[in-house]
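One letter stands for each residue in the lines below.
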Amino acid sequence: MRFTFDGGLGEPVGDASGRLGLRSRKAAGGQLAAVPHEGGLAVRFPGRCEHYGAESCERAILQSGPAEFLNPHRGSFTFGASLLVQPNETSKGANVVQKGFSVGDSQFKLQVDGEAGQPSCVIVGTSSATIYVALASRSVADGRWHRVACSRSNSLLTVSVDGAEAGRATIPSSLSISNSDPLCIGGKGTSANNDQFIGVIDDVFVTRTA
């Protein structure tokens, strides 16, 4: 499954295979904008809010309906996106791609949390509350485009930046990810603490490899 956004933000925004559509969800005046990228279009999300997590902060995400077919279960899979983040666009929480939740659920997520702007990959299994994180050793908040990918294979979770591995974490080989939740891009919802992504996203993908 891949979203390029080259057709603009007319709803629903469809993926290349036609299997999944995204609709915008907004709060507190948050807006999404289509901006040029490599001959196509990418999506710019709301700007940084002075008071992180406040009800007045602008929020806007793209969200699908239930997407069970994206559940990797115990299999190998990769997911990620191309990102453009300025040095002044980092925050305490910035979710790029997310399916599921860490509490009472299962989850896979790519985020760029923290002032340093280091991306990380997060997964949580169905039978445990343990959160596994592969944190990249480098920042992507430098005003340049970067391709960030997460990969789960057997007992290893890795994060790569521009094709080079930048971090890894060991996980149980039996860990299974399965939920009825939607795919979310740019945040986990529209509540005040939605971990709003700040910057531009393009070429979102989720690929099951086993």
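Residues numbered from 1 in each chain as written. Predicted model: local features only at pLDDT ≥ 70, side-chain atom pairs only at ≥ 80, totals over all residues. Heavy atoms only, no water.

Labelled according to an unreviewed UniProt entry, the protein chain appears under the name LamG-like jellyroll fold domain-containing protein, originating from Dactylosporangium vinaceum.

Enquirer: Explanation requested: the state of the cysteines in the structure shown.
Expert: What we call a disulfide is simply a covalent bond connecting the sulfur atoms of a pair of cysteines. The tally for this structure, following the rule as stated, stands at two disulfides. The disulfide partner of Cys49 is Cys57, and the S-S distance across this bridge is 2.0 Å. The S-S bond linking Cys49 to Cys57 shows a torsion near -80°; that makes this disulfide left-handed. Among the residues examined, Cys49 registers a relative accessible area of 24% and is labelled partly exposed. Disulfide pairing is shown between Cys121 and Cys150; the S-S distance is 2.0 Å. With the S-S bond torsion at -85°, the cross-link from Cys121 to Cys150 turns out left-handed. With Cys121 in strand β10 (residues 120-124) and Cys150 in strand β12 (residues 145-153), this residue pair connects regions lying 29 residues apart in the sequence. (Disulfide = S-S within 2.5 Å. Buried < 20%, exposed > 50% of the residue type's maximum accessible area, 1.4 Å probe, protein only. Helix = DSSP H or I, 4+ residues; strand = E, 2+ residues; numbered from the N terminus.)

Enquirer: I'm lost on the side chain of Gln107 in this one. Help?
Expert: Positionally, Gln107 belongs in strand β9 (residues 107-111). Since its relative accessible area comes to 3%, Gln107 is described here as buried. A distance of 3.3 Å separates a polar atom in the side chain of Gln107 from the backbone oxygen of Gly100. Residue contacts for Gln107: discarding those within four places in its chain leaves Gln98, Lys99, Gly100, Phe101, Ser102, Val122, Ile123, Val124, Ile177 and Asn179. (Polar contact = N/O pair within 3.5 Å; in protein donor to acceptor, adjacent residues only side chain to side chain. Contact = heavy atoms within 4.5 Å.)

Enquirer: Looking at this model, I keep getting lost on a nonpolar patch on the surface. Mind explaining?
Expert: On the surface, Ile131, Val133 and Leu135 cluster together into a nonpolar patch covering about 250 Å² of accessible area. Within the secondary structure layout, Val133 lies in strand β11 (residues 131-135). (Patch = residues over 30% accessible without salt bridge, like charges linked within 9 Å, V, L, I, M, F, W, Y side chains within 5 Å. Areas by Shrake-Rupley, 256 points an atom, 1.4 Å probe, with all protein chains shown as cover. Salt bridge = Lys/Arg side-chain N within 4 Å of Asp/Glu carboxyl O.)

Enquirer: Any chance you could explain the sheet that holds β11 here in plain terms?
Expert: Strands belonging to one sheet form pairs held by backbone hydrogen bonds; the direction of such a pair is parallel or antiparallel. Reading across from one edge, β2-β3-β6-β15-β8-β9-β10-β11 is the order of the eight strands in this open sheet, with antiparallel pairing throughout. Each of the sheet's edge strands pairs with one partner strand only, and the pair in question is β2 (13-14) and β11. The pairing of strand β3 (residues 21-27) with strand β6 (residues 59-66) spans five bridges and is classified as antiparallel. Looking across to β6, one finds that Arg25 is bridged to Ile61. (Pairing = 2+ DSSP bridges.)

Enquirer: Teacher, can you tell me more about the packing of aromatic side chains here?
Expert: The geometry of an aromatic ring pair comes down to the distance between the two centres and the angle between the two planes. On inspection of all chains with the given rule, the structure shows five aromatic pairs. When the ring of Phe79 is compared with that of Phe108, the centres are 4.8 Å apart and the planes differ by 50°; the resulting orientation is tilted. Taken together, the positions of Phe79 in strand β7 (residues 77-84) and Phe108 in strand β9 put the pair 29 residues apart, joining distant regions of the chain. What links up through ring pairs into an aromatic cluster is the set Phe77, Phe79 and Phe108. Residue placement shows Arg19 over the ring face of Phe69; its charged tip is 4.0 Å from the ring centre. (Phe/Tyr/Trp six-rings, centres within 6.5 Å; stacked < 30°, edge-to-face > 60°. Lys NZ or Arg CZ within 6 Å of the ring centre and 35° of its normal.)

Enquirer: Would you take a moment to explain the side chain of Gln98 for this structure?
Expert: Structurally, Gln98 is set in strand β8 (residues 95-100). Residue class for Gln98 comes out buried when judged on its relative accessible area of 3%. Here Gln98 is in contact with Gln107, Phe108, Lys109, Pro182, Leu183, Cys184 and Lys188, once residues within four sequence places are set aside.

Enquirer: What is the right way to look at the pattern of salt bridges in this model?
Expert: Two side chains that carry opposite charge are able to pair once their charged atoms sit near each other. If you walk through the whole model with that rule in mind, you get eight salt bridges. With a shortest N-O distance of 3.9 Å, Glu89 and Arg44 are connected by a salt bridge. One end of the pair, Glu89, is in the loop between β7 and β8; the other, Arg44, is in strand β5 (residues 40-44), and 45 residues separate them in sequence. Between Arg168 and Glu165 there is a salt bridge, and its shortest N-O distance comes to 2.8 Å. When its relative accessible area of 52% is taken as the criterion, Arg168 is described as exposed. Under the relative-accessibility criterion, Glu165 is labelled partly exposed at 47%.

Enquirer: Teacher, can you tell me more about the environment of Ser178 here?
Expert: Mapping Ser178 onto the fold places it in the loop between β14 (164-170) and β15 (182-185). As for Ser178 and Thr4, which are separated by 174 residues in sequence, their C-alpha atoms are 25 Å apart. Leave out the neighbours within four places in its chain, and Ser178 touches Asn71, His73, Ser106 and Thr126.

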